[in-house]
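Tertiary structure, described
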Amino acid sequence: AAQPAGAVAPLNTYAIAHRGVPVEAPENTLASIDRAAALGIEWVENDVQRTKDGALIIMHDTSLARTTDVEQRYPRRAPWKVADFTLAEIQKLDAGSWFDRRFKGERVPTLRSYLRRVDHNQQKLLLEAKEPGLYPGIEEQLVTELRRAGWLDRRHVARRLVVQSFDAKSLKAFHRLRPDVRTGFLGAPKAADLPSYAKFVDQINPNHKSVTADWVRAVHALKGPQGKRLTVSAWTVDDGRRAVALARLGVDGIISNAPHVVEEALDEE
Ligand code: G3P
Ligand code: CA
């Protein structure tokens, strides 16, 4: 409906839970996903990597050291790379105590257990292929896991799923496999380069410090491979005032460690 004279249009910007809600629960764990759901945050962002024996797991760093007790459990295996450990070894790790004793015993989730935990009917998934160059063929594996868990069913795929990466080559490969799945490029290509990305991505998701109104307009002027306007989700913003400022620059999504704080600030506008 037309706005009355002088009225400010409501902000349509939404928050995305970055690695779950890592200000309240250990990042990239099922506890963190559950926290996002409990706070009513629809979109969750998490990172996927691959173990030595080929299992996909949810983990941000390429080393297990920061977010598990791997150094104590396997002291002689520095630098504790994800790719050097089997799933059975990783499943023995405590991924919660480093954050708070209340989360002792929290495990590193497999992608499979994670995809079962995120509710198709309530939540939306922004899944990042982290460092896919380290894991050749991960795109096919992602498709298999997503299909098996029902995320590629037509009713979910169109509205509830985006696969993102810093790696354009990997996104192109993923897009070729499943053109029906939306993809997001992590970065802020200059305006002149955006049309080449619009051939295989639906979102351009930049560091929030790169965002200007002109750049957002340049992204929005393009249509993605499915014929829909490209969108912008900026990361990582935990301050409500900054989130509102980005929304006023036209940003569609705000990826946040404190998505409930961001959502509240956006709602108040
Ligand atoms: O979703 C954007 C953001 O997650 C990208 O950076 O390092 O937190 O995965 P990073
Ligand atoms: Ca990420």
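The structure this text deals with has already been given above.
Residues numbered from 1 in each chain as written. Chains lettered and ligands numbered in written order. Predicted model: local features only at pLDDT ≥ 70, side-chain atom pairs only at ≥ 80, totals over all residues.

1. Regarding the overall build of the chain
Note the threshold: Helix and strand labels come from DSSP, where a helix needs a run of H or I of at least four residues and a strand needs a run of E of at least two; each type is numbered from the N terminus. When we talk radius of gyration, it's over C-alpha atoms, and the globule rule is simply 2.2 Å times the number of residues to the 0.38. Exposed residues have 12 or fewer other C-beta atoms within 10 Å of their own C-beta, buried residues have 20 or more, and residues in between are partly exposed; the C-beta atoms are placed from the backbone.
Regarding its fold elements, the chain presents 11 helices and 9 strands. At 19 Å, the chain has a C-alpha radius of gyration in line with the 18 Å of a compact globule built from 269 residues. Principal-axis analysis of the C-alpha atoms gives the chain an extent of 65 × 40 × 35 Å. For the chain, with 269 residues in total, the buried portion stands at 45%.

2. Here we look at the site of ligand 1
The test is simple: Here, nearness is defined through the C-beta atom: a residue counts as near a molecule or strand if that backbone-placed atom lies within 6 Å of it. Gly falls in the polar group here, along with every residue not listed as nonpolar (Ala, Val, Leu, Ile, Met, Phe, Trp, Tyr, Cys, Pro) or charged (Asp, Glu, Lys, Arg).
The environment of ligand 1 is formed by H18, E45, D47, H60, E128, L186, N205, W235 and I255. For the shell around ligand 1, the class distribution of residues is 3 nonpolar, 3 polar and 3 charged.

3. Quick word on helix α9 (residues 213-220)
This is how it is decided: As used here, the arc is the angular range of directions from the helix axis to the C-beta atoms. For the purpose of contact definition, each residue receives a C-beta atom placed from its backbone, and two residues are in contact when these atoms lie within 7 Å.
What α9 keeps buried is the set W215, V216 and V219. One side of α9 holds all its buried residues, which, seen down the axis, span an arc of 100°. Exposed and facing more than 90 degrees away from the buried side of α9 are A213, D214 and R217. Where α9 is buried, its residues meet α8 (194-197), β7 (203-205) and β8 (231-234).

4. Some remarks on the environment of W235
Along the chain, the position of W235 falls in the loop between β8 and α10 (240-248). A residue is classified by how many C-beta atoms lie within 10 Å of it, and W235, with 17 of them, is partly exposed. On a C-alpha basis, the gap between W235 and K124 in space is 17 Å, while along the polypeptide they are 111 residues apart. Those residues in contact with W235 that sit more than four places away from it in its chain are H18, N205, N207, H208 and I255.

5. So, unusual backbone geometry
Look at the link from A78 to P79: it is a cis peptide, with omega at 5°. Omega for the peptide link from W235 to T236 comes to -25°, which places this bond in the cis form. Positionally, T236 belongs in the loop between β8 and α10. One non-glycine residue with positive phi stands out, namely N28, at about 55°.

6. Points about the pairing of strand β6 (residues 182-186)
Stated precisely, the cut-off is as follows: A pair of strands is treated as paired once DSSP finds two or more bridges between them. Look down the strands so they point away from you; if going from the first strand over the helix to the second traces a clockwise path, that crossover is right-handed.
Taking burial as the measure, the 5 residues of β6 include 5 buried ones, the bulk of the element. In β6, alternate side chains face the same way, and those of R182, G184 and L186 on one face and T183 and F185 on the other are all buried. In terms of strand pairing, strand β5 (residues 161-165) meets β6 through 4 bridges, oriented parallel. Counterpart to S165 in the pairing with β6 is F185. Each parallel crossover has a hand, and the one from β5 via helix α7 (residues 168-177) to β6 is right-handed. Where β6 and β7 come together, 3 bridges link them in parallel fashion. For L186, the partnering residue across the bridge sits in β7 and is N205.

7. Concerning the nonpolar core
Within soluble globular proteins, side chains that are nonpolar generally end up buried alongside one another. This is how it is decided: Residues enter a nonpolar core if they are buried, belong to Ala, Val, Leu, Ile, Met, Phe, Trp, Tyr or Cys, and are joined to the set through C-beta atoms within 7 Å.
By size, the foremost hydrophobic cluster in this structure holds 70 residues, and its most contacted members are V44, A234, A243, L246, V251, I254 and V262. Non-local contacts of V262, meaning those with residues more than four positions away in its chain, are made with A15, V237, G240, A243, I254 and S256.

8. A short note on the packing of α10 against helix α11 (residues 259-268)
Stated formally: Axis lines are fitted to C-alpha atoms, over the contacting stretch for helices. Their N-to-C directions set the angle, which ranges from 0 to 180 degrees. Between 65 and 115 degrees an angle is taken as roughly perpendicular, under 35 as roughly parallel, over 145 as roughly antiparallel, and anywhere else as oblique. For any pair of crossing helices, the crossing counts as left-handed if the nearer helix is rotated counterclockwise from the farther one by less than a right angle, and right-handed if it is rotated clockwise.
Where α10 contacts α11, the axes come no closer than 8 Å and their chain directions differ by 55°. The orientation of α10 with respect to α11, classified from their angle, is oblique. The handedness of the crossing between α10 and α11 comes out as right-handed. Two secondary-structure elements touch here, α10 through G240, R241, A243, V244 and A247 and α11 through V261, V262, E264, A265 and L266.

9. Points about α10
A turn of α-helix holds 3.6 residues, and therefore any two residues three or four places apart point the same way. Every buried residue belonging to α10 is among G240, A243, L246 and A247, and all of these are buried. Buried residues in α10, looked at end-on, bunch into an arc of 120°, giving them a common side. Summarising the contacts, the buried residues of α10 are in contact with β8, β9 (253-256) and α11. One or two steps after α10, the chain reaches G250, where phi turns positive at roughly 105°.

Coordinates in, geometry out; function isn't part of it.
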